[in-house]
Amino acid sequence: MIAAVLTAAVIARAAVGDWQLSDAAVPVAMLAVFPFFEWTVHVVVLHWRPKRLGPLTIDPLLAREHRAHHRDPRNVPLIFIPTRSLATWVLPLTVAVALLAFPRLAMGLTFLVCLAALGLLYEWTHYLIHSDYKPKTRIYRAIWRNHRNHHFKNEHYWFTVTSSGTADRVLGTCPDPAAVPASPTAKNLHAAA
């Protein structure tokens, strides 16, 4: 689905034209912001602790699926953003932002192209981290190590997936792994320790 959005966005962006220098600011800004966006989604949405509101329990699908992913990090369907979430609100919201939040349609489509490309990068990187693939470069080894520490050492740290701890370093969640105790709840988020 993300690839389909990327393909449609590239075609639409090329068809609209209206190339301006301000379009170059979009990918630069997105590359700077994406690690923090990824960190925030991981901390606030994916690690959401179920909340009771009277007789109701607020426990979004993304949080439930992410808890299942921590329990079974090699289960391939759990590695990816749930299809139901992508189809019902993630992609429609993304397209709406692209079409409505920018001063020019062309700039919004540039945003959509960049976000879809970053989404595919996120999904591919996350898949490789949880597969048998062994990192061959220093940069990818750092990314791989950070995310594996999050899953197998302590779920309270190392929230970024596509960078080697950029947002984690700035936001204080990238400590020296040797100084962090192993968490008894890394595989069972929110369980009593």
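In every chain, residue numbers begin from 1 and rise along the written sequence. For a predicted model such as this one, the threshold for reporting local features is a pLDDT of at least 70, and the threshold for listing and counting side-chain atom pairs is 80 or more; totals across whole chains, interfaces and linings nevertheless cover every residue. Just so you know, side-chain values use all the structure's heavy atoms and leave hydrogens and water out.

## Here's the deal with the packing of helix 3 (residues 61–71) against helix 5 (residues 83–100)
Right, so step 1: Angles run from 0 to 180 degrees between N-to-C directions of axes, and those axes are lines fitted to C-alpha atoms, restricted for helices to the stretch in contact. What counts as a helix is a DSSP run of H or I of at least four residues, what counts as a strand is a run of E of at least two, and both are numbered from the N terminus. At a minimum axis separation of 10 Å, helix 3 and helix 5 run at an interaxial angle of 160°. Between helix 3 and helix 5, the angle is such that the two are roughly antiparallel. Regarding helix 3 and helix 5, the two cross each other, and that crossing is left-handed. Touching L61, L62 and R64 of helix 3 are R84, S85 and W89, all from helix 5.
Right, so step 2: In this classification, Asp, Glu, Lys and Arg are treated as charged, Ala, Val, Leu, Ile, Met, Phe, Trp, Tyr, Cys and Pro as nonpolar, and every other residue, Gly included, as polar. Among the residues making up the contact of helix 3 with helix 5, the classes are represented as 3 nonpolar, 1 polar and 2 charged. We call two directions roughly parallel when the angle between them is under 35 degrees, roughly antiparallel when it is over 145, roughly perpendicular when it lies between 65 and 115, and oblique otherwise. Here a crossing is called left-handed whenever its near helix is offset anticlockwise from the far helix by less than a right angle, and right-handed whenever the offset is clockwise. The criterion used for residue contact is that any of the two residues' heavy atoms lie within 4.5 Å.

## Considerations on the packing of aromatic side chains
Right, so step 1: Pairs were defined over the aromatic rings of Phe, Tyr and Trp, the Trp ring being its six-membered one, requiring ring centres within 6.5 Å. Orientation was assigned from the angle between planes: stacked under 30 degrees, edge-to-face over 60, tilted for the rest. Taken as a whole and judged by the stated rule, the model has 7 aromatic pairs.
Right, so step 2: Relative to F159, the ring of W39 lies with its centre 5.9 Å away and its plane at 80°, an arrangement referred to as edge-to-face. Highlighted residues: W39 in helix 2 (residues 22–46) and F159 in the loop between helix 7 (138–152) and helix 8 (166–171), separated in sequence by 120 residues. Each member of the pair, W39 as well as F159, carries the same accessibility label: buried.
Right, so step 3: Each residue in the set F80, W124 and Y127 is aromatic and connected to the rest through ring pairs, giving one cluster. Remark: exposure states derive from per-residue accessible area (1.4 Å probe, protein chains only) relative to the maximum for the residue type, with buried under 20%, exposed over 50%, and partly exposed in between.

## Things to note about the UniProt feature "transmembrane region" (unreviewed entry) in the protein chain
Right, so step 1: UniProt records the feature "transmembrane region" (unreviewed entry) for residues 24–46, 76–102 and 108–129 in the present numbering.
Right, so step 2: When the span residues 24–46 is considered, its composition is 100% helix and 0% strand, and the gap between its end C-alpha atoms is 31 Å.
Right, so step 3: The distance separating the terminal C-alpha atoms of residues 108–129 is 31 Å; by composition the span is 100% helix and 0% strand. UniProt positions are given in the numbering used here, feature names are shortened, and annotations may be inferred rather than shown by experiment.

## Description of the environment of S164
Right, so step 1: Checked against the element boundaries, S164 lands in the loop between helix 7 and helix 8.
Right, so step 2: Linking S164 and R141, residues 23 residues apart in sequence, is a C-alpha distance of 8.5 Å.
Right, so step 3: With residues up to four places along the chain from it excluded, the contact list for S164 reads I139, A142, I143, N146 and R169.

## So, the UniProt feature "domain: Fatty acid hydroxylase" (unreviewed entry) in the protein chain
Right, so step 1: According to UniProt, the positions carrying the feature "domain: Fatty acid hydroxylase" (unreviewed entry) are residues 28–173.
Right, so step 2: Secondary structure content for residues 28–173 is 67% helix and 4% strand, while the C-alpha to C-alpha distance between its ends is 24 Å.

## A short note on unusual backbone geometry
Right, so step 1: Despite not being glycine, D18 shows a phi value in the positive range, around 55°.
Right, so step 2: Residue placement: D18 occurs in the loop between helix 1 (2–16) and helix 2.
Right, so step 3: Positive phi is not limited to glycine here, since W158 has a value of about 60°.
Right, so step 4: By the secondary structure assignment, W158 is in the loop between helix 7 and helix 8.

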